[in-house]
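Given next are the chains, with one letter for each unit.
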Amino acid sequence: MNCEEILHEYGAYALGIAEDPERREISEHLARNCPNCVPGVRRAMELVAGLSAAAPAADPPRRLRGRVVALVSPQSGRRFPIAILAPWAVALTLAVALIAVVLPGRLRSGDAAKLAQALSIIGDPAMQDVSFGPPATRGRVFLSPGKGVVLVAAGLPPLDVNKTFELWVIPKTGNPIPAGLFRSQANAAVFVHAGAAPNAAAVAVTIEPEGGSAQPTTTPFIVAKL
Amino acid sequence: MTLFGFLLALNLGGEGDEELVRRLQARDPEALSDLYDRFGKLAWSVILSIVRDAAIAEDLVQETFLRAWNRANGFEASRGALGPWLLTIARNQAIDHVRSQSYRMDRCVYELDATEHPALFLDMESTILNANYARAIRNAITKLNANQRKVIELAYYEGLSQTEMAERMGQPLGTVKTWVRTALKNLRDELGEAAVA
């Protein structure tokens, strides 16, 4: 599609409610830094961000500031509460995910949401799963073409403070697609990427600079071929 | 009461976005505290208005600031609009949660991450978070007709896709798309006039 055909969807895109094929087309125009679509979507983003000013004001609980600050405090041993979850085995992931669905109030809500996503991926009839390793890093990947990827990994290499793990979906044709950043705790991680992963040939993980990369800059230390 | 009152009292002086972004990029833990002090209440208000549960909102605010901390290196300090970026992350966190709770992730696979790309926040007016803008957008929303206001609410607060809105409202998809488009155009026109006035 050309810019004329998608410009009416800039607002929906900025709101996160656009649908294919317009959503995909706008993403592609943005990826190639389209001189029409980038400023158009930026103006729409500005309007959507401005809508936040219309939200009813509320005071956060005082403890919340401490929780946020503790995320990066040198004294805190718990820096990445959602991105890493915990070093669970696959069976435990499934069990806890089930608990999250049945008893959502018993778990931290963010964890419950991630676990619900994991269950949705793992429960998809179209799901593919493959093991990788040992000897070094070992684990398992669950991939649903329509829903996303669950990575369960142990024996992850140590990370420098300014580095991150980045998950990639490798399509049968084309470049690797970034599928999220995560870190590990106790050298293990469960990571959930919610999002379509069609035509995937493999899932890989690399070490990238903090903030991630658009394309891999290091050799993958996990490659799970589907 | 809306955020208007808070925005009036918000201290917009002091350290600018650029210096704060540089400190975040330098991994200065104090910078995260300062980021929270500047935008924590806004993020909380946005998230709470969407998820309507304080315990969930606490988790999502925490995730919002962690995400900003982890992704600050991709931000262009001299040109990026920090507040709008952070509030976009906050809303996305909340919408992701609402969608996952209602098991709509598989139907609405749109990755909100794309709207958090720092390049989309370059040279953006930081004034969209000041009191005048807040007043103008509230006023502009009141001037939308009922259908236009409804679709904006369903999109912004529930993250419904246009197809889902059409189903919910019992209207053709084309009609809903027109309402969304017209609503956003009217808001923009109204805000433009307010800026001139």
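Refer to the structure presented above.
The residue numbers shown here count from 1 along each chain, following its written sequence. In the order they appear in the text, chains get letters beginning with A and ligands get numbers beginning with 1. Per-residue local features of the predicted model are confined to residues with pLDDT of at least 70, and side-chain atom pairs are confined, for both listing and counting, to 80 or more; whole-chain, interface and lining totals are unaffected and use all residues. In computing side-chain properties, one takes all heavy atoms of the structure into account and sets aside hydrogens as well as water.

Participant: Can you walk me through the overall build of chain A in this structure?
Facilitator: Each helix corresponds to a stretch of at least 4 residues labelled H or I by DSSP, and each strand to a stretch of at least 2 residues labelled E; elements are numbered beginning at the N terminus. When you go through chain A residue by residue, the secondary structure sums to seven helices and eight strands. Think of it in three bands: residues with accessible area under 20% of the maximum for their type are buried, residues over 50% are exposed, and the middle band is partly exposed, with areas taken using a 1.4 Å probe on protein chains only. Expressed as a percentage of its 226 residues, the buried residues of chain A come to 50%. In this description, contact between two residues means that some pair of their heavy atoms is separated by no more than 4.5 Å. A separation threshold of at least 6 residues defines the contact pool for chain A, and within that pool the share at least 24 residues apart is 55%. In the form shown here, chain A has an accessible surface area of approximately 9,900 Å², with 55% of it arising from carbon and sulfur atoms. All accessible areas in this document rest on Shrake-Rupley with a 1.4 Å probe, and a residue is counted as covered only by the protein chains that are shown.

Participant: Could you clarify how one ought to interpret the overall build of chain B in this entry?
Facilitator: Per the secondary structure count, chain B includes nine helices and zero strands. When the helices and strands of chain B are read in sequence order from the N terminus, they spell out α-α-α-α-α-α-α-α-α. Burial statistics for chain B: of 197 residues in total, 58% are counted as buried. Entry remark: accessible area of chain B is about 7,900 Å², with carbon and sulfur atoms responsible for 50%.

Participant: What am I meant to see in the interface of chain A and chain B here?
Facilitator: Much of the literature gives interface size as the accessible area that the parts lose upon coming together. Contacts between chain A and chain B engage 63 residues on the former and 77 residues on the latter. Once two parts are brought into contact, the accessible area they lose, counted with a 1.4 Å probe and summed over both, makes up the buried area. The junction of chain A with chain B conceals about 6,300 Å² of combined surface from both sides, 62% of it contributed by carbon and sulfur atoms. Among the residues chain A hides against chain B, the three largest losses belong to A:Ile17, A:Arg42 and A:Leu47. Together they make up 10% of the total. Among the ionic pairs, A:Glu22 bridges to B:Lys177, the shortest N-O distance being 3.9 Å. Residues adjacent in sequence count toward polar contacts only when both atoms are side-chain atoms; beyond that, a polar contact is any pair of N or O atoms within 3.5 Å, and within protein one must be able to donate a hydrogen and the other to accept it. Summed over the shared surface of chain A and chain B, the number is 14 residue pairs in polar contact (both at pLDDT 80 or more). Those elements giving two or more residues to the side of chain A that touches chain B turn out to be helix H2 (10-15), helix H3 (22-31), helix H4 (37-51), helix H5 (62-70), helix H7 (109-122) and strand S6 (188-194) of chain A. In terms of residue count, H4(A) provides more of the side of chain A that touches chain B than any other element does, 11 residues in total. Residues that form the side of chain A that touches chain B fall into these classes: 35 nonpolar, 12 polar and 16 charged. Within this document, salt bridges are pairs made up of a side-chain nitrogen of Lys or Arg and a carboxyl oxygen of Asp or Glu, the two lying within 4 Å of each other. All amino acids are sorted into three groups, where Ala, Val, Leu, Ile, Met, Phe, Trp, Tyr, Cys and Pro are nonpolar, Asp, Glu, Lys and Arg are charged, and the leftover types, Gly among them, are polar.

Participant: Please explain the pattern of salt bridges as it appears in this structure.
Facilitator: Between side chains of opposite charge, pairing is possible as soon as their charged atoms come close. Considering all chains together, one arrives at 19 salt bridges over all chains under this definition. As a salt-bridge pair, B:Arg181 and A:Glu9 come within 3.8 Å of each other at their nearest N and O atoms. With B:Arg181 in helix H9 (residues 173-196) and A:Glu9 in the loop between helix H1 (3-6) and H2, the pair connects residues from two separate chains. Residue A:Asp20 pairs with A:Arg23 through a salt bridge whose shortest N-O separation is 2.8 Å.

Participant: I keep staring at helix H2 (residues 17-25) of chain B and nothing clicks. Help me out?
Facilitator: A turn of α-helix holds 3.6 residues, and therefore any two residues three or four places apart point the same way. All names here are of chain B. Among the residues of H2, those classed as buried are Asp-17, Leu-20, Val-21, Arg-23 and Leu-24. Buried residues of H2 fall within an arc of 160 degrees about the axis and therefore sit on the same side. Downstream of H2 by one or two residues, Arg-27 has phi in the positive range, about 65 degrees. The arc in question is the one spanned by the directions pointing from the helix axis to the C-beta atoms.

Participant: I tried to follow the packing of aromatic side chains on my own but got confused; where do I start?
Facilitator: One pair of aromatic rings is described through two measures. These are the centre distance and the angle between the planes. Each aromatic pair joins two rings of Phe, Tyr and Trp (for Trp, the six-membered one) with centres within 6.5 Å, and gets the label stacked for planes under 30 degrees apart, edge-to-face for over 60, and tilted for any other angle. Applying the stated rule across the entire model yields six aromatic pairs over all chains. Ring geometry for A:Phe182 and A:Phe191: centres 4.9 Å apart, planes at 20 degrees, overall stacked. Across the pair, A:Phe191 and A:Phe182 agree in class, each one buried. Between B:Phe75 and B:Trp85, the ring centres sit 4.6 Å apart and the planes meet at 40 degrees, which makes this aromatic pair tilted. Highlighted residues: B:Phe75 in the loop between helix H4 (54-71) and helix H5 (82-101) and B:Trp85 in helix H5, separated in sequence by 10 residues. Put simply, the rings of A:Phe165, A:Phe182, A:Phe191 and A:Phe221 touch in pairs and so form one group of aromatic residues. A ring is scored as having a charge over it whenever the NZ atom of a lysine or the CZ atom of an arginine sits within 6 Å of its centre and within 35 degrees of its normal. Lying across the ring of B:Trp69, B:Arg27 places its NZ or CZ 4.2 Å from the centre.

Scope: geometric values only; no functional claims are made or implied.
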